[in-house]
Amino acid sequence: MSETRNNHYVPQWHQEGFFEPGRSKLAYLDLTPEKKVLPDGRVITFNDRFTNPTSLCFRQKDLYSTFFGTSVNDEIERRLFGDIDRRGSNAIRAFAANDAAKWHTEFQTLFEYIDIQKIRTPKGLDWLKAQYPTLTQLNVRDAGHSGDALHDLG
């Protein structure tokens, strides 16, 4: 099995919920596009509007990868976030479908998914590093094996 190195911090199924009608790609705006000052003092702004498939959006190479020498491990992506995304997908779809019976069964899962989304982004992971400076990726990977990964971090 090949390792997942381009880690999506917003699952592709979730991104698809934000497509414009009739579209199959995301349109988004870069709020801090690259700028260049020309010799005459004029400032040009590089492209700040993009349209991309979900495979190229909200991802970062090796965001969740762990390394053992030259070996790359993607268990955080597959085992931890794979399960979270599967359960979150079911919960989001239950609420989007306006199914009151499923709201009851998926209520807790919906809020767990939303809460986890906050910390799995590059910004959220930077916050975790600041709060727990001695925490390493190996600690997170090992917590993922315990069955209650996020509770083991506290």
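Residues numbered from 1 in each chain as written. Predicted model: local features only at pLDDT ≥ 70, side-chain atom pairs only at ≥ 80, totals over all residues. Heavy atoms only, no water.

**Some remarks on the environment of Ile119**
As a reminder, the rule being used: Note on conventions: DSSP H or I runs of at least 4 residues are helices, E runs of at least 2 residues are strands, and numbering of each starts at the N terminus. Any residue under 20% of the maximum accessible area for its type is buried, any over 50% is exposed, and the rest in between are partly exposed; the area is computed with a 1.4 Å probe on protein chains only.
Following the sequence through the fold, Ile119 ends up in helix 3 (residues 100–119). With a relative accessible area of 23%, Ile119 lands in the partly exposed category. Between the C-alpha atoms of Ile119 and Tyr9, which are 110 residues apart in sequence, the distance is 9.2 Å.

**Focus: the packing of aromatic side chains**
Put simply, the rule reads: Aromatic rings from Phe, Tyr and Trp, taking only the six-membered ring of Trp, are treated as a pair when their centres fall within 6.5 Å; an angle between ring planes under 30 degrees marks them as stacked, one over 60 as edge-to-face, and anything in between as tilted. Only when the NZ atom of a Lys or the CZ atom of an Arg is both within 6 Å of the ring centre and within 35 degrees of the ring normal do we say a charge sits over the ring.
Taken as a whole, this structure holds seven aromatic pairs when the rule is applied. Between Trp13 and Tyr113, the ring centres sit 5.6 Å apart and the planes meet at 35 degrees, which makes this aromatic pair tilted. Residue Trp13 is found in helix 1 (residues 12–16), and its partner Tyr113 is found in helix 3; the two are separated by 100 residues along the sequence. Tyr113 matches Trp13 in its accessibility class, with the two residues each being buried. Ring centres of Phe95 and Trp103 lie 5.6 Å apart, and the angle between their planes is 5 degrees; this geometry places the pair in the stacked category. Overall, Phe95 belongs to the partly exposed group, its relative accessible area being 27%. Members of the aromatic cluster, connected to one another through ring pairs, are Tyr9, Tyr28, Phe50 and Phe58. The ring of Phe81 has Arg120 sitting right over it, with the charged end atom 4.2 Å from the ring centre.

**Looking at helix 2 (residues 75–96)**
Cut-off, in case you're wondering: In this scheme, a helix's expected span is set at 1.5 Å multiplied by one less than its residue total. Two axes enter the definition of the bend at a residue: one is fitted to the seven residues ending there, the other to the seven starting there, and the bend is the angle between them.
Taking 1.5 Å of rise per residue, 22 residues should cover 32 Å, and helix 2 covers 30 Å from first to last C-alpha, within 8% of that figure. Residue Phe81 marks the point of greatest curvature in helix 2, where the axis turns by about 40 degrees. Every buried residue of helix 2 is accounted for by Glu75, Ile76, Glu77, Leu80, Phe81, Ile84, Asp85, Gly88, Ser89, Ala91 and Ala94. Directly after helix 2, the chain includes Asn98, whose backbone phi takes a positive value near 60 degrees.

**Section: the pattern of salt bridges**
Operational definition: A carboxyl oxygen of Asp or Glu within 4 Å of a side-chain nitrogen of Lys or Arg is what we treat as a salt bridge.
In total, this model carries eight salt bridges according to the counting rule given. The shortest N-O distance in the salt bridge between Arg87 and Glu112 comes to 3.4 Å. Residue Arg87 is found in helix 2, and its partner Glu112 is found in helix 3; the two are separated by 25 residues along the sequence. Overall, the relative accessible area of 27% leaves Arg87 in the partly exposed class. Glu112 gets classed as partly exposed once you look at its relative accessible area, which sits at 32%.

These values are about where atoms sit, not about what they do.
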